[in-house]
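This is what each chain is made of:
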Amino acid sequence: MSRLKLIGLSKHFGAIQALQDVSLEVAPGEVLGLMGDNGAGKSTLVKIVAGNFHPSEGEIRIDDKVVEFSKPLDAQQSGIEVVYQDLALCDNLSAASNVFLGREPMRKFGPVSVIDYKTMSGRAAELFAQLKSETRPRDLVRRMSGGQRQAVAIARTLLSEAKIVMMDEPTAAISVRQVAEVLDLIRRLRDRGISVILISHRMPDVFSVCDRISVLRRGHLVASKPTAASSPEEVTGLITGAIETA
Amino acid sequence: MTSIEQVIGHSQHKSVLSRILNIQAFWVFIAAVLACLALTFMTDSFATERNLFNVARNFAFVAIIAIGMTAVIASGGIDLSVGSTVVLAAMVISVLMEGGNSFLLSAMVAILAALLVGFVNGMLIAYVGIPAFVVTLGMLSAARSLAMVLSNNKMIYEFGPDHDLLLWIGGGSTFGLPHPLYVLLILTLVMSLVFRWARWGQYIFAIGGNEQAATLTGIPVKQIKVSIYMFSALTAGIAGILMAGWLGSVTTNLGQAMELTVIAAAVIGGANLAGGEGTAVGALIGALLIEVIRNSLILLGISAFWQGMFIGCFIIIAVTFDRIRRMRASD
Ligand SMILES: Nc1ncnc2c1ncn2[C@@H]1O[C@H](COP(=O)(O)OP(=O)(O)OP(=O)(O)O)[C@@H](O)[C@H]1O
Ligand SMILES: [Mg+2]
């Protein structure tokens, strides 16, 4: 069984061919590393699966059923969660508020319903505890480290019963210690049976958490193989084009 | 489980005092209180019932609109058209009442006119994507022009059968307090709750904090933006009706340059022009400080021309203060 299956996915923006005939498969609980040079089409692929873009051609299957997303909410309801490249967080709100943004629990007082901050904080604290992150629910995101911000963004994905979590360069702008933290977060998602697609330019990260590595080059999928059967040198060659395919 | 409870408790206890000391509106409030104390000792005329009544009424108009402006600013926008919305609403109610219509009907139409202004602003900003500054600058001109067309640029001072009612609502008092102050206090209370406890309030701050993030989480950003500008216009409309009753006459220069005072009040009270911050109480306190300054200049016999200098300095001080606080916080 495959959790996510992409068949012949293509996307063009006017004359720009961002993705061309990409077919890919991710098993439940598998961590897939998606690599490629700048502009290779990684973010485009994520945005199509997340329902932000409509593919020009091809289809998406989740648990072997064809799905069709016209907006991000559709994808979310199918169990797809995304941690965006530029961390979509509101700095001026608390960690808990960010985790629940757009789906706040409400409490009814007769005709008026108010945000249930207590439930929000409690639930957020549970999620951070699950992720073994020292993030306090009521702290403002503005004051948080890069690792804590990632924890907030990732906690968002645990709110619903996510099947697939896609992360677009979650380790791009953070310190080494925080990178280790984020990689741990990814392992915890995997342990819960969630499939993860990790986009990263950092070879060591990909090789330490990913079960499989796929490489995109100028919109084409040029390789998709088990991490154990590959090497950083090979992947670098695939990314740059020194190696044609593998 | 205890660890979770501890974690929550820990951040809650982070000293109430230090939190209050970090609120800009608190310091502005202290400044206003000090100014009041100084004036009480320096003049015989400040702490009189009559003068305090006037101060309370005058600042209420600006404060009411400043609450609407705070919502706009907190969402990362700006509304320059509120002064013109004031005169439009005042003119609509005046013309209708002069024509023999009841207060209630006329007031409702005036509010509708104001809401329409906000709706047009919001649609152009949210759906067409024109910057708020440009849209509301255009509306500043257009709405005032409409008020002139409506009244043929004449002064209106006869308000038909409900003449006395209008004057009582805008200019009267109950239990010694001017009516606009009641409106302000109710609005402050309601909006303080809404900003904190309603989804709509939370989303205003989310949009102001990171609009893209708000969109990605599925918040209906565009609809909410339209509603924010409608709310701002609503507060201007309410103020316009109250001001018509207070003045007892309406001319087309009513509310001229008022947008600047209103924005100043909101910013002095802690609304962040970059978006994401602001409180209803802050707007009230900011407006109060401005009125106390204005009043003190008059009482101290200083030329009213200095008023702009003081307000200007306070805006800059307030924003600088915020910068310094932020730098300290990020250390
Ligand atoms: N909305 C868009 N409109 C037009 N062209 C786009 C759009 N989004 C992406 N592209 C183009 O599609 C191609 C692939 O972009 P994409 O963002 O998917 O690359 P990427 O692999 O994520 O790169 P990076 O590593 O820099 O994040 C690029 O040529 C880009 O300019
Ligand atoms: Mg990208």
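The preceding data block contains the structure.
Rules of the game
Residues numbered from 1 in each chain as written. Chains lettered and ligands numbered in written order. Predicted model: local features only at pLDDT ≥ 70, side-chain atom pairs only at ≥ 80, totals over all residues. Heavy atoms only, no water. Helix = DSSP H or I, 4+ residues; strand = E, 2+ residues; numbered from the N terminus. Rg over C-alpha atoms; globule rule 2.2 N^0.38 Å. Areas by Shrake-Rupley, 256 points an atom, 1.4 Å probe, with all protein chains shown as cover. Lys, Arg positive; Asp, Glu negative; His and termini not counted. Charge placed at Lys NZ, Arg CZ, Asp CG, Glu CD. Buried < 20%, exposed > 50% of the residue type's maximum accessible area, 1.4 Å probe, protein only. Contact = heavy atoms within 4.5 Å. Pairing = 2+ DSSP bridges. Axes fitted to C-alpha atoms, helices over the stretch in contact; angles between N-to-C directions. Near = heavy atom within 4 Å. Polar contact = N/O pair within 3.5 Å; in protein donor to acceptor, adjacent residues only side chain to side chain. Nonpolar A, V, L, I, M, F, W, Y, C, P; charged D, E, K, R; others polar. Patch = residues over 30% accessible without salt bridge, like charges linked within 9 Å, V, L, I, M, F, W, Y side chains within 5 Å. Salt bridge = Lys/Arg side-chain N within 4 Å of Asp/Glu carboxyl O.

On to the overall build of chain B. Across its full length, chain B carries 15 helices and two strands. Here the C-alpha radius of gyration of chain B, 21 Å, is about what a compact globule of 331 residues would show, namely 20 Å. With the principal axes as the frame, chain B shows a C-alpha extent of 70 × 55 × 35 Å. On chain B, roughly 15,300 Å² of surface is accessible, and the fraction owed to carbon and sulfur atoms is 70%. Charge-centre separation for chain B: the mean point of 15 positive side chains lies 10 Å from the mean point of 14 negative side chains.

For chain A, the count of helices and strands is eight helices and 12 strands. In terms of overall size, chain A behaves like a compact globule, its C-alpha atoms giving a radius of gyration of 18 Å where 246 residues would be expected to give roughly 18 Å. Counting only C-alpha atoms and orienting by the principal axes, one finds that chain A spans roughly 65 × 40 × 35 Å. Classification of the 246 residues of chain A by burial places 57% in the buried group. Once local pairs closer than 6 in sequence are excluded, the contacts in chain A between residues at least 24 apart make up 65%. For chain A, the exposed surface amounts to about 10,400 Å²; the carbon and sulfur share of it is 50%.

Moving on to the sheet that holds strand β4 (residues 57–62) of chain A. Residue and element names in this part refer to chain A. Taking strand neighbours across the sheet as the criterion, the four strands line up as β2-β1-β4-β5 in an open arrangement whose pairing is antiparallel. In this open sheet, the two edge strands, each paired with only one partner strand, are β2 (16–26) and β5 (65–67). The sheet shows a mean angle of 30 degrees between the axes of neighbouring strands, taken without regard to direction. The strands touched by helix α1 (residues 42–49) within the sheet are β1 (4–13), β2 and β4, with β1 carrying the most contacts at an inclination of about 115 degrees.

A word on the site of ligand 1. Residue and element names in this part refer to chain A. Close contacts around ligand 1 come from 15 residues, with Asn 38, Gly 39, Lys 42, Ser 43 and Thr 44 the closest. Asn 38 has a polar side-chain atom sitting 2.9 Å from an oxygen atom of ligand 1. In this structure, an oxygen atom belonging to ligand 1 sits 2.7 Å away from a side-chain N or O atom of Ser 43. Coverage of ligand 1 by the protein chains reaches 64% of its 630 Å² of free accessible surface. Among the elements that take part in the shell around ligand 1, α1 stands out by supplying three residues, more than any other. When grouped by side-chain class, the residues that make up the shell around ligand 1 number five nonpolar, seven polar and three charged.

Below, the discussion takes up a nonpolar patch on the surface. Residue and element names in this part refer to chain B. Residues Trp 27, Phe 29, Ile 30, Val 33, Leu 34, Leu 37, Phe 41 and Phe 321 make up a contiguous nonpolar surface patch of about 770 Å² in total accessible area. No other element matches helix α3 (residues 24–42), which puts seven residues into the nonpolar patch. Tracing the sequence through the fold places Leu 37 in helix α3.

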